Amino acid sequence: MNRTHRLFRAATVIARRDYVATVWSRSFLLFLIGPMIAALFGGVLGKVGAQTDGVALQPILVAVVDQQSEGPLKASYKRLNEQITDLPALHFVRPSGAPELQARVLLGEAKSNIALVLTGWPAASHITGPRKQVDSLAPTMRLIMEDALTSEALSRSGYGRPKLDIGYSVVDPAAGKSSISRYLLARSAQTILFVLTILLAGMLLSNLVEEKSNKVIEVLAAAVPVDAIFLGKLVAMLGVSLTGITIWGTLIAGVIASAYHGQQIPQPGTGWPVFVALGAAYYVMNYMILGGLFLGIGSQAATVRDVQTLSMPITMAQIAIFAAGSAVVNDLDKPIGLLAAVFPLTSPLTMIARAAQENSLWPHLLALVWQGVWVMFIVRFAARRFRTGVLKSGSPRSGWRFGKTRAVS
């Protein structure tokens, strides 16, 4: 017990040393500002790009008609465009030559995004276009044509279009508890958890390279057990990451509150207070599991080049884990969803999605206990690799338990 107590007391000293040295540095300020600047520029560029793409990729319907036949189609399109959102643009072209040849020429224009061409209106109407566009947009074109014919028929018979008076009642889903909003919230929570982990836990790969090169590790190891150094550094980086998340989270919460001002905010299945608490717990578990592995792997690297070599496969492995966790959002109660909840690397991502969609709490208690067991196992295993990788002290079999370290001469 005294040995374990000394170990954790030494780990606390190392954690406080690393935490203070990291947070009270200029580089930490840049670390906080960097993602916010990137998010700001990304949002601005994304909005500009979305507007540009909306114009460039909007399909165009072309009607090859004379001036007399253009009026009914134009009036019908204007009427429908006021009622139907995202209606494709409708352009008018005068007939010139053979209708089929003119349609093919229009579809072949490189700088336009013409999807369908209507010829022969109204006596021998014919729509020309690629198969995919015919299947998706021909019904829209047909709706415009039928509305124009109906209006002309009513006009010739002396009748006007009937006026339809409709009353509207806007009812928000009860507390925003719709399945769609919860599904989107689950996806968003998984993405945030993944991005934060890949952004913050990845720093552990290079955490030791500088201290190994300037012999700081050997000085620390002469005073405290090597396992205490491992635990201290892992806890310190966890504290640094939570500090950054707290600052970013406060700013993001303010942005979300402004965006949803006067609107219904989607509610997770467990409610916001419990959901936030579970999100923090799953982040800590995810960070400790992956961070322990990263710190153990990073301790094997001798140079920055080694860290760069390790970064790519580890990043790809994280993306694979995220893909596996996000693939079961709709299948949480099926065997594949239960397997993802049990597997330690995907368990936090899967369970945060469950917290967004379901209100049951007991699965989360079981999951946190299960993940805690794996945290202990992985941290102990990584600490053993840390010991043999940093100072080459002890065999891979020695020091399975905390405190059983070989003396450093």
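Positions within a chain are numbered from 1, following the residues in the order the chain's sequence is written. In keeping with the predicted nature of the model, local features appear solely for residues at pLDDT of at least 70, side-chain atom pairs appear and are counted solely at 80 or more, and the whole-chain, interface and lining totals rest on all residues. The side-chain figures draw on all heavy atoms in the structure; neither hydrogens nor water molecules are used.

Chemist: Looking at this model, I keep getting lost on the layout of surface pockets. Mind explaining?
Modeler: Think of a ball as big as a water molecule: rolled over the atoms, this probe shows where empty space is left. Lining residues are defined by having an atom within 4 Å of a point belonging to a cavity or pocket. Those points lie on a 1 Å grid over the protein atoms alone, cavities being sets where a 1.4 Å probe fits but cannot get out and pockets being open sets with protein on both sides within 12 Å along at least five of seven lines. Grid points are joined across faces, edges and corners, and a volume is the space filled by probe spheres set on the points. The volume enclosed by the largest pocket comes to roughly 1,600 Å³. In terms of lining residues, the largest pocket is bounded by 37 residues, among which Ile 192, Gly 249, Ile 252, Ala 253 and Ile 256 are the most central. Strands are runs of DSSP state E lasting at least 2 residues, helices are runs of H or I lasting at least 4, and numbering of each runs from the N terminus. Of all the secondary-structure elements, those providing two or more residues to the lining of the largest pocket are helix H2 (26–56), helix H6 (179–200), helix H9 (226–259) and helix H10 (272–298).

Chemist: Looking at this structure, how should I read the pairing of strand E3 (residues 114–119)?
Modeler: The side chains of a regular strand alternate between the sheet's two faces. Burial classes follow relative accessibility: with a 1.4 Å probe on protein chains only, a residue under 20% of its type's maximum area counts as buried, one over 50% as exposed, and anything between as partly exposed. Taking burial as the measure, the 6 residues of E3 include 6 buried ones, the bulk of the element. With 4 bridges connecting them, strand E1 (residues 60–64) and E3 associate as parallel partners. Its bridge partner lying in E3, Leu 61 is registered against Leu 116. When DSSP finds two or more bridges between two strands, those strands count as paired. Sheet topology note: the E3/strand E4 (residues 126–128) ladder contains 3 bridges and is antiparallel.

Chemist: Got a minute to help me understand the side chain of Gln 318 in this structure?
Modeler: By the secondary structure assignment, Gln 318 is in helix H11 (residues 304–326). When its relative accessible area of 6% is taken as the criterion, Gln 318 is described as buried. In what follows, a contact means two residues having at least one pair of non-hydrogen atoms within 4.5 Å. Ignoring sequence-local partners within four residues, the contact set of Gln 318 consists of Phe 194, Thr 197, Ile 198, Leu 290 and Phe 294.

Chemist: What's the story with the sheet that holds E1 in this structure? I'm lost.
Modeler: By definition, the strands of a sheet pair up through backbone hydrogen bonds, in either a parallel or an antiparallel sense. Pairing is mixed in the open sheet, where 4 strands are placed in the order E2-E1-E3-E4. A strand with exactly one partner marks an edge of an open sheet, and here the two such strands are strand E2 (89–93) and E4. Averaged over all neighbouring strand pairs, the angle between strand axes comes to 25°, with direction disregarded. In this analysis an axis means a line fitted to C-alpha atoms, helices contributing only their contacting stretch, and an angle means the value between N-to-C directions, from 0 to 180 degrees. Packed on one face of the sheet, helix H4 (residues 99–107) meets E1, E2, E3 and E4 and runs near 165° to E3. Against the sheet, helix H5 (residues 131–157) engages E1, E2, E3 and E4, with an angle of about 45° to E3.

Chemist: Looking at this model, I keep getting lost on the pattern of salt bridges. Mind explaining?
Modeler: Between side chains of opposite charge, a pair can form when the charged atoms approach closely. Each salt bridge in this description consists of a side-chain nitrogen of Lys or Arg and a carboxyl oxygen of Asp or Glu lying within 4 Å of one another. Applying the stated criterion across every chain yields a total of 11 salt bridges. Measuring nitrogen to oxygen at the nearest pair gives 3.6 Å for the salt bridge that ties Arg 131 to Asp 135. Of this pair, Arg 131 and Asp 135 both sit in helix H5, separated by 4 residues, roughly a single helical turn. We classify Arg 131 as exposed; its relative accessible area is 62%. Here Glu 358 ties to Arg 354 by a salt bridge, and the two come within 2.9 Å at their closest N and O atoms. The class for Glu 358 is partly exposed, based on a relative accessible area of 24%.

Chemist: Could you clarify how one ought to interpret the nonpolar core in this entry?
Modeler: Generally speaking, nonpolar side chains in soluble globular proteins are found buried as a group. Among the nonpolar cores identified, the biggest contains 62 residues, and Phe 230, Leu 234 and Tyr 287 are the most heavily contacted of them. In terms of residue count, the dominant contributor to this core is H10 (11 residues). The residues contacting Phe 230, other than those within four sequence positions of it, are Gly 292, Leu 295, Gly 296, Val 379, Ala 382, Ala 383 and Phe 386. Nonpolar core, defined: a set of buried Ala, Val, Leu, Ile, Met, Phe, Trp, Tyr and Cys residues in which side-chain atoms within 4.5 Å join the residues together. If you look at the next biggest cluster of nonpolar residues, it comprises 18 residues, including Leu 61, Leu 80, Trp 121 and Leu 137.

Chemist: What am I meant to see in unusual backbone geometry here?
Modeler: Apart from glycine, the bulk of residues carry a negative phi angle, and the bulk of peptide bonds sit in the trans form. The omega torsion across Trp 121 and Pro 122 is 0°, close enough to zero to call that bond cis. Looking at the secondary structure, you find Pro 122 in the loop between E3 and E4. One non-glycine residue, Asp 86, lies in positive phi territory at about 60°.

Chemist: So what exactly am I meant to see when it comes to the packing of helix H12 (residues 335–342) against helix H13 (residues 347–357) here?
Modeler: A pair of packed helices can be characterised by two numbers: the angle between their axes and the separation between those axes. Where H12 meets H13, the axes come as close as 6 Å, and the angle between the chain directions of the two elements is 120°. Taken together, H12 and H13 sit at an angle that is classed as oblique. On H13, the residues that touch Gly 337, Leu 338, Ala 340 and Ala 341 of H12 are Ser 347, Thr 350, Met 351 and Arg 354. Angle categories are assigned with fixed cut-offs, so that under 35 degrees is roughly parallel, over 145 is roughly antiparallel, 65 to 115 is roughly perpendicular, and the rest are oblique.

Chemist: Hey, could you run me through the packing of aromatic side chains in this one?
Modeler: In this description, an aromatic ring pair is defined by two values, namely the gap between the centres and the angle between the planes. Pairs were defined over the aromatic rings of Phe, Tyr and Trp, the Trp ring being its six-membered one, requiring ring centres within 6.5 Å. Orientation was assigned from the angle between planes: stacked under 30 degrees, edge-to-face over 60, tilted for the rest. In the structure shown here, the tally under the stated rule is 7 aromatic pairs. For the pair Phe 194 and Phe 322, a centre-to-centre distance of 4.5 Å together with 25° between the ring planes defines the contact as stacked. Placement of Phe 194 in helix H6 and of Phe 322 in helix H11 is noted, with a sequence separation of 128 residues between them. On the basis of relative accessibility, which here comes to 15%, the residue Phe 194 falls in the buried class. Centroid distance Trp 370 to Trp 374: 6.1 Å. Interplanar angle 75°. Geometry classified as edge-to-face. On the criterion of helical spacing, the pair formed by Trp 370 and Trp 374 is a turn pair, its members being 4 residues apart in helix H14 (residues 362–390). On the basis of relative accessible area, Trp 374 is assigned to the partly exposed category, the value being 26%. A network of ring pairs unites the aromatic residues Phe 28, Phe 31 and Trp 248 as a single cluster.

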